[in-house]
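# Report on the structure
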Amino acid sequence: PPVLAEPETPVISISYALPNNLAAEDIPNDKGQAIRIFWDEPKPKDTAILAATLVFWRRASGETEWQRLGEAPPATGKYVDAYHPATKGQPSHPLEDGTVYEYKVSVSEDPALESGVITASARGHWFNTERTVALVATIVYVLLVTFFIRYARSGKELFVRPISGIDAVEEAVGRATEMGKPVLYVPGIGEIQEVATLAGLTILSPIAEKVAEYDTPILVPNRDPIVYTVAQEIVREAYVKVGRPDAYNEDNIYFLSGRQFAYAAAVSGLMMRDKPATNFFFGMFYAESLILAETGAAIGAIQIAGTDQVAQLPFFIAACDYTLIGEELYAASAYLSGDAILVGSLKALDWMKVVLLSILGVSLIGSLFGWHWLAKTLGG
């Protein structure tokens, strides 16, 4: 029988398509450190097929050598040339503000296929337009703060919602005076830069003044050395302010330990030995909160606590007579001191919340009726 010849394998010539409308532009709202290369999704024509990977090249205007930047699939529609030292695949040199750069694109499957040269330069911007809403909100808040501080300094009284825990401070100090026992003030275990610690130290000043007026000892054990130093000065100034500098005893404001549970154990031992009639816990607290509050409850002391640590609030609520929840800790400092700056800032913050909630409410109602422009303006 005749031998059949093997069919010849046809030679297929493959050509690849480059992106259409390749262009480069400076990325807005940055520091001049990024350029975006973008294109239309390539469409195959005749025997041309989509390239699997595009390779991007860059050189500064006037240079001859091209620097390989990285790769990206055509479907992404863009490639960002930015300097990120910790990210692999990015250029080894950052972009310089104002320098003109030339770019070209090749196909990894066919390195000979290259696009034309496109140019762009990175430029730093003074203002990020995406944060316009934040700028407007900041300006409004600053104006509110300025207005209410000036209003408070003019001698007019600003209403601050009564807080039961703060209203009980004078009663608690008076009880300690009647019983002839000391007042214990714990400013938390936070460092001086933490907001709750600063709020606690601010509250310490008016309480120390009341204690000085009633001639009642006040004990202020500290965990942080800097907080300890500040607390000493606050109590000293309180005694001077009420005209009793000779009654101030600096040994009652002292440093215990920098370790969390060593500090908690030392304060608990202090409670068991000296049996203070009133305990104040204002500041930053963590796992030691229940240890302190339970010990104070065991000796029968009146306890008033306040912190912005949500996880510790249940322990204070369960073991203390009064608890300042969250922002009430910050309001307490203004409530007790009556300082115009603190009271004015507090009222400005309240009104700023009213403004923001009103805008959000209007935006929500408008969205229900298909008016989405306000939500988009706010970034939603």
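Residues numbered from 1 in each chain as written. Predicted model: local features only at pLDDT ≥ 70, side-chain atom pairs only at ≥ 80, totals over all residues. Heavy atoms only, no water.

### Some remarks on the overall build of the protein
- Broken down by element type, the protein carries 11 helices and 16 strands.
- Put simply, the protein has 380 residues, and 42% of those count as buried.
- Long-range contacts, defined here as pairs at least 24 residues apart, represent 63% of the contacts in the protein between residues at least 6 apart.
- Surface accessibility of the protein: about 21,200 Å² in total, with carbon and sulfur atoms responsible for 58%. (Helix = DSSP H or I, 4+ residues; strand = E, 2+ residues; numbered from the N terminus. Buried < 20%, exposed > 50% of the residue type's maximum accessible area, 1.4 Å probe, protein only. Contact = heavy atoms within 4.5 Å. Areas by Shrake-Rupley, 256 points an atom, 1.4 Å probe, with all protein chains shown as cover.)

### Quick look at the sheet that holds strand β12 (residues 218-222)
- Read from one edge to the other, the open sheet built from 6 strands follows the order β13-β12-β11-β14-β15-β16, with strand pairing classed as parallel. The open sheet terminates on both sides in strands that have one partner only, identified here as β13 (253-255) and β16 (322-325). Ignoring which end each strand starts from, the neighbouring axes of this sheet average 15° apart.
- Where β12 meets β13, 3 bridges bridge the pair, whose relative direction is parallel. Pairing of Pro-221 across the sheet is with Tyr-254, part of β13.
- Lying on the sheet, helix α9 (residues 328-337) is in contact with β14 (278-284), β15 (302-307) and β16; it crosses β16 at an angle near 105°. (Pairing = 2+ DSSP bridges. Axes fitted to C-alpha atoms, helices over the stretch in contact; angles between N-to-C directions.)

### As for the nonpolar core
- Judged by nonpolar contacts, the single largest core of 52 residues is most densely connected at Tyr-185, Leu-204, Ile-207, Val-235, Phe-280 and Phe-282.
- Sort the elements by how many residues they give to this core and helix α4 (residues 195-214) lands first, with 9 residues.
- The contact partners of Leu-204, leaving out residues within four places of it in the chain, are Tyr-185, Ile-218, Val-220, Ala-231, Ile-234 and Val-235. (Core = buried A, V, L, I, M, F, W, Y, C linked by side-chain atoms within 4.5 Å.)

### Quick notes on the packing of aromatic side chains
- Enumeration over the complete set of coordinates arrives at 11 aromatic pairs.
- Here Tyr-185 and Phe-282 contribute two aromatic rings whose centre-to-centre distance is 6.0 Å and whose plane-to-plane angle is 45°, an arrangement assigned as tilted. Of the two residues, Tyr-185 is situated in strand β11 (residues 183-188) and Phe-282 in strand β14; the sequence distance between them amounts to 97 residues. Accessibility classification places Tyr-185 together with Phe-282 in one group, the buried group.
- Here the guanidinium or amino end of Lys-104 rests over the ring plane of Trp-57, the centre of that ring lying 5.9 Å away. (Phe/Tyr/Trp six-rings, centres within 6.5 Å; stacked < 30°, edge-to-face > 60°. Lys NZ or Arg CZ within 6 Å of the ring centre and 35° of its normal.)

### Let's talk about helix α10 (residues 340-368)
- Over its 29 residues, α10 extends 42 Å from the first C-alpha to the last, a length consistent with the 42 Å expected when each residue adds 1.5 Å.
- When α10 is considered as a whole, its buried residues turn out to be Ala-340, Val-343, Gly-344, Leu-346, Lys-347, Ala-348, Met-352, Ser-363 and Gly-366. (Expected span 1.5 Å × (residues − 1).)

### Topic: the confidence of the model for the protein
- On average, residues of the protein carry a pLDDT of 84, and 88% of them reach 70 or more.
- Confidence, read as mean pLDDT per element, is least for strand β4 (residues 48-50) in the protein (53) and greatest for β12 (95). (pLDDT = per-residue confidence, 0-100.)

### Some points on the packing of helix α6 (residues 260-274) against helix α7 (residues 289-298)
- Contact pair α6 / α7: the axes reach a minimum separation of 9 Å and the direction vectors enclose 5°. When the interaxial angle is binned, α6 and α7 end up roughly parallel. From α6, Phe-261, Ala-264, Val-267, Ser-268, Met-271 and Met-272 reach across to α7, where they touch Ile-291, Leu-292, Thr-295 and Gly-296.
- Residues that form the contact of α6 with α7 fall into these classes: 7 nonpolar, 3 polar and no charged. (Parallel < 35°, antiparallel > 145°, perpendicular 65-115°, else oblique. Nonpolar A, V, L, I, M, F, W, Y, C, P; charged D, E, K, R; others polar.)

### Some details on the sheet that holds strand β2 (residues 20-26)
- In space, the 3 strands of this open sheet follow the order β2-β3-β7, with antiparallel pairing throughout. Lying at the two open borders of the sheet, with one neighbouring strand each, are β2 and β7 (78-82). Strand-to-strand twist across the sheet, computed as the mean angle between neighbouring axes with direction ignored, equals 15°.
- Where β2 lies against strand β3 (residues 34-40), 5 bridges are found, and the strand directions are antiparallel. Bridging from a neighbouring strand, Asp-26 pairs with Ile-35 of β3.

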